[in-house]
Amino acid sequence: MTDDTTPRVPGTTRPTHPDTADVLVVGGGIGGLGAAFALAGEGLRVRVLEAAPEFGEVGAGLQLAPNGTRVLHEYGLLDEAKRRGVVPETMVMFDAVDATELTRLDLRDLERRYGFPYIVIHRSDLHALLLDACRRAGVDLATDSRVVEYRTRGPRPSVVLADGRIEDADVVIAADGLHSVARDRFVGDAPVGSSYVAYRGAVPIDDVRDQRVHENAVVVYVGPRCHFVQYALRGGEMFNQVAVFQSPKALAGEDDWGTPDELDEAFADTAEQVRAGIPLMWRDRWWRMFDREPVDTWVFDRVALLGDAAHPPLQYLAQGAIMALEDGWVLARHAARNRAADGTVDWAAALAGYQAVRPEHCRRVQRTARAWGELWHLDGLARAQRNRILRERDTYDYTFVDWLYGPTALEPDREAPMFVPIPLDSFADAAP
Ligand SMILES: Cc1cc2nc3c(=O)[nH]c(=O)nc-3n(C[C@H](O)[C@H](O)[C@H](O)COP(=O)(O)OP(=O)(O)OC[C@H]3O[C@@H](n4cnc5c(N)ncnc54)[C@H](O)[C@@H]3O)c2cc1C
């Protein structure tokens with residue numbers, strides 16, 4: 001397979017590498033590596049093209065609900081993920097202004113219900129775990145390989161790299177993230193700005209012990225136009241925090257939005273427990289929150305979108321990386337189902353199976369994530385009504401998560417039914 005000695009021939013129109021793969025995966029994030037590992041597990045020759053000079057992940061913690069850990073279990077990677085992460089006991093939501101408890105999930109009971117745990121893990125640990133697994137499975141991993149163009153004409157799809165190389169395969173999986181070149185080429189839409197921005201920070205646990213933080217819980221404080229998330233990472237050695245708020249400068253149309261002065265201002269009226277965490281956030285970088293409108297078609301001839309390239313969500317349901325992992329698992333299952341005795345895959349059938357089931361599920365997640373974020377960030381009477389609804393919820397009522405945390409569907413008729421939202425004005429007498 002290709003290595004640093006691969007001929008680089010700018011401007012050529014023929015593949016420059018003779019030993020082509022069955023599958024090219026563009027993008028070596030969690031989505032791309034998950035798909036590569038799953039497809040290699042089916043005996044396919046898989047090559048990953050990553051634009052960056054090294055494989056890696058920027059950021060801090062990730063929550064993985066049972067629909068994500070179920071996939072890791074299928075891959076034989078769950079025990080290692082649990083060792084590298086934390087398996088919290090509860091998830092608790094508080095009001096960010098008065099710090100009263102609104103609702104909670106008993107994560108031990110949740111594990112019994114869905115068969116797999118809810119874990120939290122540093123995203124670079126999950127990424128490294130997938131990268132190691134890909135290496136062991138013989139996936140060909142190429143860095144410094146930025147794809148700039150996709151070609152679907154001809155017997156095999158191909159990609160053109162920034163240095164002029166051309167590579168082809170039986171199928172190309174575009175897992176190139178929010179700003180996907182493939183999405184631009186095949187759909188042509190633009191990311192949708194939410195005017196919200198995330199600050200992250202992961203610190204040694206000793207730095208927060210005097211703040212009486214919850215070390216065995218995923219904690220979310222929801223407040224007007226802001227929220228704050230906390231949980232321990234890396235076997236409890238680190239503490240992860242995410243502070244998210246709506247930027248007034250973004251709403252005013254200013255370019256320079258989401259700056260640290262806005263962070264301080266956004267959390268100025270929150271409870272002491274929340275304000276104590278804000279100085280620990282990284283202040284030299286922040287993540288502006290974008291999603292995209294859901295699209296129904298992800299497969300374009302022999303090129304398929306996957307992960308954030310296909311369905312970037314706002315992160316309020318903590319499902320973006322999970323959906324990307326599920327995509328790869330579903331695609332590999334359909335490849336296996338459509339594999340002949342001689343090993344060749346009927347890719348038209350496999351991609352049709354993937355296309356038939358994943359866009360609708362991810363559309364639901366993207367839409368619900370937006371609605372969930374709006375609910376978290378309410379103010380005034382609506383905030384009081386939300387709090388009443390959340391406080392009335394029984395800890396062991398799973399109506400609102402069954403559609404999400406249950407087994408990943410392989411066919412559309414296996415997709416779990418959606419929940420029915422409770423109208424906010426069910427509690428018209430709630431006092432603001
Ligand atoms: C604040 C925040 C918190 C989040 N929390 C959670 C959570 O708790 N749980 C959860 O499940 N999800 C969470 N998410 C979402 C999750 O991080 C993403 O959905 C997920 O990482 C997407 O993975 P991906 O592989 O599709 O894309 P990416 O991670 O963006 O990877 C894309 C890869 O493609 C490469 N690439 C890009 N362009 C090219 C090109 N042209 N050629 C070659 N390579 C290219 C990039 O370098 C990158 O390596 C969160 C997101 C944010 C912002």
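Definitions and limits used
- Residues numbered from 1 in each chain as written.
- Predicted model: local features only at pLDDT ≥ 70, side-chain atom pairs only at ≥ 80, totals over all residues.
- Helix = DSSP H or I, 4+ residues; strand = E, 2+ residues; numbered from the N terminus.
- Rg over C-alpha atoms; globule rule 2.2 N^0.38 Å.
- Buried ≥ 20, exposed ≤ 12 C-beta atoms within 10 Å, placed from the backbone.
- Contact = placed C-beta atoms within 7 Å.
- Pairing = 2+ DSSP bridges.
- UniProt positions renumbered as here; feature names shortened; annotations may be inferred.
- Axes fitted to C-alpha atoms, helices over the stretch in contact; angles between N-to-C directions.
- Parallel < 35°, antiparallel > 145°, perpendicular 65-115°, else oblique.
- Left-handed = near helix turned anticlockwise from the far one by under 90°.
- Core = buried A, V, L, I, M, F, W, Y, C linked by C-beta atoms within 7 Å.

**Q** How would you summarise the overall build of the protein if you had to cite specific residues and measurements?
**A** Within the protein one finds 13 helices and 18 strands. Scaling as 2.2 N^0.38, a compact globule of 432 residues should have a C-alpha radius of gyration of about 22 Å, and the protein matches this with 22 Å. Projected onto its principal axes, the C-alpha coordinates of the protein cover approximately 70 × 45 × 40 Å. Buried residues in the protein amount to 46% of all 432 residues. By sequence separation, contacts in the protein at least 24 residues apart represent 74% of the contacts at least 6 residues apart.

**Q** Before we move on, could you go through the sheet that holds strand 18 (residues 303-305) and cite the residues and values that matter?
**A** Across the sheet, six strands lie side by side as 7-2-1-11-18-17; this open sheet has mixed pairing. Across the chains shown, the open sheet's two edge strands, defined by having one partner strand only, are strand 7 (140-142) and strand 17 (299-300). Sheet analysis places strand 11 (residues 171-174) next to strand 18, joined by three bridges and oriented parallel. Residue Ala174 lies in a different strand from strand 18, and its bridge partner there is Leu305.

**Q** Report on the UniProt feature "domain: FAD-binding" (unreviewed entry) in the protein, specifying residues and quantitative values.
**A** Following the UniProt record, the feature "domain: FAD-binding" (unreviewed entry) maps to residues 21-334 here. Secondary structure across residues 21-334 comprises 28% helix and 30% strand; the distance between its end C-alpha atoms is 18 Å.

**Q** Can you lay out the environment of Thr100 for me, pointing to particular residues and giving the numbers?
**A** Inspection of the secondary structure assignment puts Thr100 in the loop between strand 4 (90-95) and strand 5 (101-106). Measuring from C-alpha to C-alpha, the distance between Thr100 and Arg391 comes to 9.9 Å, with 291 residues separating the pair along the chain. Those residues in contact with Thr100 that lie beyond four places of it in its chain are Phe94 and Asp95.

**Q** Quick one: what's the story with the packing of helix 10 (residues 320-337) against helix 11 (residues 347-376), residue by residue and with numbers?
**A** Two numbers describe how helix 10 lies on helix 11: the axes approach to 8 Å, and their chain directions differ by 160°. Comparing their axes, helix 11 and helix 10 come out roughly antiparallel. Classified by chirality, the crossing of helix 11 by helix 10 is right-handed. Counted together, Met323, Asp327, Val330, Leu331, His334, Ala335 and Arg337 of helix 10 and Ala350, Gly353, Tyr354, Val357, Arg358, Cys362 and Val365 of helix 11 form the full contact between these two elements.

**Q** Residues and numbers for the nonpolar core, please.
**A** Among the nonpolar cores identified, the biggest contains 124 residues, and Val26, Ala36, Ile173, Ala174 and Ala304 are the most heavily contacted of them. Element by element, the count of residues in this core is highest for helix 10, at ten residues. Leave out the neighbours within four places in its chain, and Ala174 touches Val26, Ser180, Ala182, Val303, Ala304, Leu305, Leu306 and Ala309.

**Q** For the sheet that holds strand 15 (residues 238-246), give the residues involved together with the corresponding values.
**A** Taken together, the seven strands give an open sheet; going across it, the order is 5-4-13-14-15-12-16, and neighbouring strands pair in mixed fashion. This sheet does not close on itself; its edge strands, each paired only once, are strand 5 and strand 16 (287-291). If you compare each strand with its neighbour and ignore which way they point, the axes differ by 20° on average. In this structure, strand 14 (residues 226-233) lies alongside strand 15, joined through eight bridges in antiparallel fashion. Within the sheet, the bridge partner assigned to Ala232 lies in strand 15 and is Phe239. Sheet contacts for helix 4 (residues 107-114): strand 4 and strand 5; angle to strand 5, the most-contacted strand, approximately 45°.

**Q** Break down the pairing of strand 14 for me, with residues and values.
**A** Among the eight residues that make up strand 14, eight are buried, leaving the element largely enclosed by the rest of the structure. Side chains Cys226, Phe228, Gln230 and Ala232 of strand 14 all project onto a buried face; the interleaved residues His227, Val229, Tyr231 and Leu233 project onto the opposite face, where all are buried too. Sheet analysis places strand 13 (residues 217-223) next to strand 14, joined by five bridges and oriented antiparallel. Paired with Val219 across the bridge in strand 14 is Gln230. Linking two consecutive strands that pair antiparallel, namely strand 13 and strand 14, is a turn of two residues; a positive phi of about 60° is found at Arg225 within it.

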